[in-house]
Amino acid sequence: MSPVDTGPSSDDVVEEGLFSHLIELRSRLLRAIVVLLVVLLALVPVANHLYAELAKPLVERMPQGAHLIATEVASPFVTPLKLAFFCALFISMPMILYQLWAFVSPGLYRHEKRLARPLLVASLVLFYSGCAFAYFVVLPAAFKFLNAVTPDGVAMMTDITHYLDFVMLMFFAFGLCFEVPVAVVILAAIGVVDAEKLSKGRGYAIVGAFAIAAFITPPDLLSMVMLAVPMCILYELGLLAVKFLLKPAPADPIA
């Protein structure tokens, strides 16, 4: 007597589901990488122009006759290419995040999707806003201060690689600091804080914002204030977002 075929076992089903998820993840990653490479190839021919634009906040405020220098043999070639990669990643980030969202969204509940969508868009917009704020507002003020305090007899000539590393660090730091509203909403969504605690903790948030700004920004008061004040404003926006997006559930009527 032949054994009765009971169909695939639960282990086979789980293994097949995991395998299909891995295939989809690979497909999503490949799409994101292709987009990144296409954008990078498009930016490579203008890499030197991109670096010239990035260096403007410093070059326009350097003393007469001062200029950027390259202390390594390959720096004039490698540094603009590194900047082109960062720009390609910056431009491709919406597509990369979309691929990530398309992979994880089927496993989310409806209320989780309702909260995750605006947070995803807001995090991207806020990060870009932080980078733009650093480039157009903070870096010019910081370089003007650093130029003013340069001792007599010292030539201000910055290495192009060190300048790129410094600016990318500032972009990343300001981009993360501008994510304050998203962080506040996430903490409230997982139950760590609520609107009342956030309101009462406003004073601690202000002190924390100035402490973080003092640690991140160049050593001048103006740059510190330029970061701390927007962080305080963004904290208030996060508080408003918590009140709007995370309304308490209505109490069940008494039977």
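Before going into details, it helps to say that this report is about the structure given with it. (Residues numbered from 1 in each chain as written. Predicted model: local features only at pLDDT ≥ 70, side-chain atom pairs only at ≥ 80, totals over all residues. Heavy atoms only, no water.)

1. Brief notes about the packing of helix α3 (residues 75-104) against helix α4 (residues 110-148)
- Orientation of α3 relative to α4, taken along the N-to-C sense of each, is 165°, at an axis distance of 12 Å. In terms of orientation, α3 and α4 fall into the roughly antiparallel class. The hand of the α3/α4 crossing is right-handed. Of the residues in α4, those in contact with Phe90, Met93, Pro94, Leu97 and Trp101 of α3 are Lys113, Ala116, Arg117, Leu120, Leu124, Tyr128 and Cys131.
- Among the residues forming the contact of α3 with α4, the class breakdown is 10 nonpolar, no polar and two charged. (Axes fitted to C-alpha atoms, helices over the stretch in contact; angles between N-to-C directions. Helix = DSSP H or I, 4+ residues; strand = E, 2+ residues; numbered from the N terminus. Parallel < 35°, antiparallel > 145°, perpendicular 65-115°, else oblique. Left-handed = near helix turned anticlockwise from the far one by under 90°. Contact = heavy atoms within 4.5 Å. Nonpolar A, V, L, I, M, F, W, Y, C, P; charged D, E, K, R; others polar.)

2. Details of the layout of surface pockets
- Here the largest pocket defines a volume of roughly 750 Å³.
- Taken together, 25 residues form the lining of the largest pocket, with Phe86, Phe90, Cys131, Met168 and Phe171 sitting closest to its centre.
- Mapped onto the lining of the largest pocket, the elements with two or more residues apiece are α2 (47-59), α3, α4 and α5 (160-177).
- In terms of residue class, the lining of the largest pocket is made up of 22 nonpolar, one polar and two charged.
- Lining the second largest pocket we find 14 residues, and of these Leu108, Glu112, Leu115, Ala116 and Leu119 sit closest to its centre.
- Elements with a minimum of two residues in the lining of the second largest pocket: α3 and α4.
- Element by element, the count of residues in the lining of the second largest pocket is highest for α4, at seven residues.
- Here the lining of the second largest pocket is built from residues that sort into 11 nonpolar, one polar and two charged. (1 Å grid on protein atoms, 1.4 Å probe; cavity = no way out; pocket = protein on both sides within 12 Å on 5 of 7 lines; lining within 4 Å. Points joined across faces, edges and corners; volume = space filled by probe spheres on them.)

3. Focus on the pattern of salt bridges
- If you walk through the whole model with that rule in mind, you get six salt bridges.
- With its nearest N and O atoms 3.4 Å apart, the salt bridge here joins glutamate 53 to lysine 56. In this pair, glutamate 53 and lysine 56 are both assigned in helix α2, three residues apart and thus about one turn of the helix distant.
- What makes glutamate 53 partly exposed here is its relative accessible area of 30%.
- Note that lysine 200 is salt-bridged to glutamate 196, the shortest N-O span being 3.2 Å. (Salt bridge = Lys/Arg side-chain N within 4 Å of Asp/Glu carboxyl O. Buried < 20%, exposed > 50% of the residue type's maximum accessible area, 1.4 Å probe, protein only.)

4. A few points about the packing of aromatic side chains
- Tallied over the entire structure, the rule returns nine aromatic pairs.
- When the ring of tyrosine 51 is compared with that of tyrosine 163, the centres are 6.3 Å apart and the planes differ by 70°; the resulting orientation is edge-to-face. Within this pair, whereas tyrosine 51 is found in helix α2, its partner tyrosine 163 is found in helix α5, the two being separated by 112 residues in sequence. As far as burial versus exposure is concerned, tyrosine 51 and tyrosine 163 are alike and both buried.
- When the ring of tyrosine 135 is compared with that of phenylalanine 136, the centres are 4.8 Å apart and the planes differ by 90°; the resulting orientation is edge-to-face.
- According to the relative accessible area criterion, tyrosine 135 is buried, its value standing at 18%. (Phe/Tyr/Trp six-rings, centres within 6.5 Å; stacked < 30°, edge-to-face > 60°.)

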